[in-house]
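Each chain is listed here by its residues.
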Amino acid sequence: MSGLKLSHLVSGAIAVLLGYTSSVAIIFQAIDVLGLSHAQASSWMLALGLGMGLSTLILTLRYRMPILTAWSTPGAALLVLSLQGVSVSEAIGAFLFCGALLTLTGLSGWFEKLAHLIPEAIGSAMLAGILFRFGLGVFSSMEDNLPLVALMCAVYLAGRRWFARFAIPSVLLAGIVFCALTGAFVTDTVFEFSLAIPVFTLPSFSLSALIGIGVPLYIVTMTSQNMPGVVTMKAAGYALPVSSAITVTGLTTLILAPFGGYAFNLAAITAAICAGAEADENPTTRWKAAMVTGVLYCMVGLMGAAVISLFVIAPKALVVTIAGLALLNTISASLSAALAAPAHRDAALVTFMTTVSGISFMSIGAPVWALLFGALTSLVLTQSRARA
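Residues numbered from 1 in each chain as written. Predicted model: local features only at pLDDT ≥ 70, side-chain atom pairs only at ≥ 80, totals over all residues. Heavy atoms only, no water.

### Considering the overall build of the chain
(1) Moving on: Along the chain, the regular secondary structure elements total 17 helices and 2 strands.
(2) Moving on: Taken over the C-alpha trace, the chain has a radius of gyration of 21 Å; the compact-globule value for 388 residues is 21 Å, and the two agree within 12%.
(3) Moving on: C-alpha atoms of the chain, sized along the principal axes, occupy 60 × 60 × 40 Å.
(4) Moving on: The burial tally for the chain puts 55% of its 388 residues in the buried class.
(5) Moving on: In the chain, once contacts between residues fewer than 6 apart in sequence are set aside, the share between residues at least 24 apart is 84%. (Helix = DSSP H or I, 4+ residues; strand = E, 2+ residues; numbered from the N terminus. Rg over C-alpha atoms; globule rule 2.2 N^0.38 Å. Buried < 20%, exposed > 50% of the residue type's maximum accessible area, 1.4 Å probe, protein only. Contact = heavy atoms within 4.5 Å.)

### Digging into the nonpolar core
(1) Moving on: Tyr20, Trp71, Phe95 and Tyr262 are the most contacted members of the largest nonpolar core, which has 106 residues in total.
(2) Moving on: Sort the elements by how many residues they give to this core and helix α10 (residues 207-235) lands first, with 10 residues.
(3) Moving on: When sequence neighbours within four positions are dropped, the list of residues in contact with Phe95 reads Trp44, Leu79, Leu217, Thr253, Ala257 and Tyr262. (Core = buried A, V, L, I, M, F, W, Y, C linked by side-chain atoms within 4.5 Å.)

### What to know about empty space enclosed by the protein
(1) Moving on: Within this structure, the stated rule accounts for 1 cavity of 30 Å³ or more.
(2) Moving on: Taken as a whole, the largest cavity encloses approximately 40 Å³ of empty space.
(3) Moving on: If you tally residues by element for the lining of the largest cavity, the top one is helix α3 (residues 38-63), at 3 residues.
(4) Moving on: When grouped by side-chain class, the residues that make up the lining of the largest cavity number 6 nonpolar, 4 polar and no charged. (1 Å grid on protein atoms, 1.4 Å probe; cavity = no way out; pocket = protein on both sides within 12 Å on 5 of 7 lines; lining within 4 Å. Points joined across faces, edges and corners; volume = space filled by probe spheres on them. Nonpolar A, V, L, I, M, F, W, Y, C, P; charged D, E, K, R; others polar.)

### Some thoughts on the packing of aromatic side chains
The geometry of an aromatic ring pair comes down to the distance between the two centres and the angle between the two planes.
(1) Moving on: If you walk through the whole model with that rule in mind, you get 7 aromatic pairs.
(2) Moving on: Centroid distance Phe132 to Phe352: 5.4 Å. Interplanar angle 80°. Geometry classified as edge-to-face. Of this pair, Phe132 sits in helix α7 (residues 120-140) while Phe352 sits in helix α16 (residues 345-357), and the two are 220 residues apart along the sequence.
(3) Moving on: Residue classification places Phe132 among the partly exposed residues on the basis of a relative accessible area of 27%. (Phe/Tyr/Trp six-rings, centres within 6.5 Å; stacked < 30°, edge-to-face > 60°.)

### Describing helix α9 (residues 167-182)
(1) Moving on: Its 16 residues give α9 an end-to-end C-alpha distance of 22 Å, which sits within 8% of 22 Å, the value for a rise of 1.5 Å per residue.
(2) Moving on: Directly beyond the C-terminal end of α9, a positive phi value near 70° is found at Gly183. (Expected span 1.5 Å × (residues − 1).)

### Here's the deal with the packing of α7 against α10
(1) Moving on: Remark: α7 packs on α10, axes separated minimally by 9 Å, with the N-to-C direction vectors making an angle of 110°. One element, α7, and the other, α10, form an angle in the roughly perpendicular class. Along this stretch, α7 crosses α10, giving a crossing that reads as left-handed. Between α7 and α10, the contacting residues are Gly123, Ser124, Met126, Leu127 and Ile130 on the first element and Met227, Pro228, Val231, Thr232 and Ala235 on the second.
(2) Moving on: Of the residues in the contact of α7 with α10, the class split is 7 nonpolar, 3 polar and no charged. (Axes fitted to C-alpha atoms, helices over the stretch in contact; angles between N-to-C directions. Parallel < 35°, antiparallel > 145°, perpendicular 65-115°, else oblique. Left-handed = near helix turned anticlockwise from the far one by under 90°.)

### Focus: the packing of helix α15 (residues 316-339) against α16
(1) Moving on: Contact geometry for α15 and α16: axes closest at 8 Å, N-to-C directions at 140°. Classified by the interaxial angle, the pair formed by α15 and α16 is oblique. In contact with Leu335, Ala338 and Leu339 of α15, α16 contributes Arg345, Ala348, Leu349 and Phe352.
(2) Moving on: Among the residues making up the contact of α15 with α16, the classes are represented as 6 nonpolar, no polar and 1 charged.

### Describing unusual backbone geometry
(1) Moving on: One non-glycine residue, Arg64, lies in positive phi territory at about 55°.
(2) Moving on: Tracing the backbone through its elements, the reader meets Arg64 in the loop between α3 and β1 (69-71).

### Topic: the side chain of Thr270
(1) Moving on: Looking at where Thr270 falls in the secondary structure, it is placed in helix α12 (residues 269-274).
(2) Moving on: A residue is classified by how much of its surface remains accessible, and Thr270, at 8% relative accessible area, is buried.
(3) Moving on: Here Thr270 is in contact with Ala15, Gly19, Leu68 and Tyr297, once residues within four sequence places are set aside.

### Observations regarding the pattern of salt bridges
(1) Moving on: A full pass over the atoms with the stated rule returns 2 salt bridges.
(2) Moving on: The residue Lys5 makes a salt bridge to Asp280 at a minimum N-O spacing of 3.1 Å. Within this pair, whereas Lys5 is found in the segment before α1 (6-21), its partner Asp280 is found in the loop between α12 and α13 (287-302), the two being separated by 275 residues in sequence.
(3) Moving on: Residue Lys5 is classed as partly exposed on the basis of its relative accessible area, which comes to 37%. (Salt bridge = Lys/Arg side-chain N within 4 Å of Asp/Glu carboxyl O.)

### Looking at the state of the cysteines
(1) Moving on: Counted by the stated rule, this structure contains 0 disulfides.
(2) Moving on: Between Cys179, a free cysteine, and Cys153, which holds the nearest cysteine sulfur, the sulfur-to-sulfur gap is 13 Å.
(3) Moving on: Residue class for Cys179 comes out buried when judged on its relative accessible area of 0%.
(4) Moving on: Cys274 takes part in no disulfide bond, and the closest cysteine sulfur to it belongs to Cys298, at a distance of 14 Å.
(5) Moving on: Given the relative accessible area of 0%, Cys274 is considered buried. (Disulfide = S-S within 2.5 Å.)

### Looking at a nonpolar patch on the surface
(1) Moving on: Residues Leu4, Leu6, Leu9, Trp162, Phe163 and Phe166 make up a contiguous nonpolar surface patch of about 590 Å² in total accessible area.
(2) Moving on: As for its position among the elements, Phe163 is in the loop between α8 (146-162) and α9. (Patch = residues over 30% accessible without salt bridge, like charges linked within 9 Å, V, L, I, M, F, W, Y side chains within 5 Å. Areas by Shrake-Rupley, 256 points an atom, 1.4 Å probe, with all protein chains shown as cover.)

### Some thoughts on the environment of Ser336
(1) Moving on: With respect to the secondary-structure elements, Ser336 resides in helix α15.
(2) Moving on: Distance in space between the C-alpha atoms of Ser336 and Ala128 is 9.5 Å, their sequence separation being 208 residues.

Read these as layout, nothing more, since geometry by itself doesn't imply function.
Written as structure tokens, this is what we have:
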């Protein structure tokens, strides 16, 4: 495509790398709990890869925005705990129920109305808190491989000083070359390159599975994934079509659930990579980075579980450092936006610190509590100032 830049390709590749390496192990744990065969496991990875890729492409090309989707990572963690003693067909039935709830949420439009009520300062603070641990990862990974991280940071600083447009691509290249020369890549992985074949599982519906799996899966997907995804796009300056996006992810779940696509949602972390200045200085063309991500997701999905091993041969320090450095600009911009207005500064700080804390009550993650605490702080302080 004309106008495709190196930054689009690199940002798209980093988003895919981060998307898989950060949570694919949890997916495999859920697969093990269900006792799926190799063919069924490959079908799951096919459905998840194609689901993310196709829904990302549909939304990105339709709205010309960097709208990324993802599988529900907290949903996968939930499945690891809740699938014990559940048959595969019952699990698929619960996935379909979750997909129906997601679709109805998008069609009803209530979630979009709620998202519009979030003040910009609080939304930016929550995004900064979500991304903060990735920035910290750059420094904590120094304990694992100091020479690698030091080299990547040095290249990043040099890039920011002399060739800002190519800073992140240069960091990624330097890291790969270093790992190749030092033998840091895990080379004992056996690859079986073949196209994945979808395996259809006929669903069955039981009240216990619908309530015990389907409803919690929907709740954690909406609160821990879709809400941060909306805030990420809003903080990046995009008027996200929330209802349409959630409808697409819900329909994608309904279509692919029988093949292993248990739940899809708006992405936050990977979306921040493609929606930031590192992807493109021009916000109106950053959607091309998301388009690259969608294509790569489809390609990885078609290879099934076999190609996932490509994402686990890289040392953890490489993945963590490149992700953290790629998100530094977004973290900085989010913090600046959160603290810019003195009237909302206290609420923004409460939101930021709650998000960073990682607290979880009643299976609801820190980002949602951060929004609630931040909104409550803003409401109390705004009323007290008005009376004063």
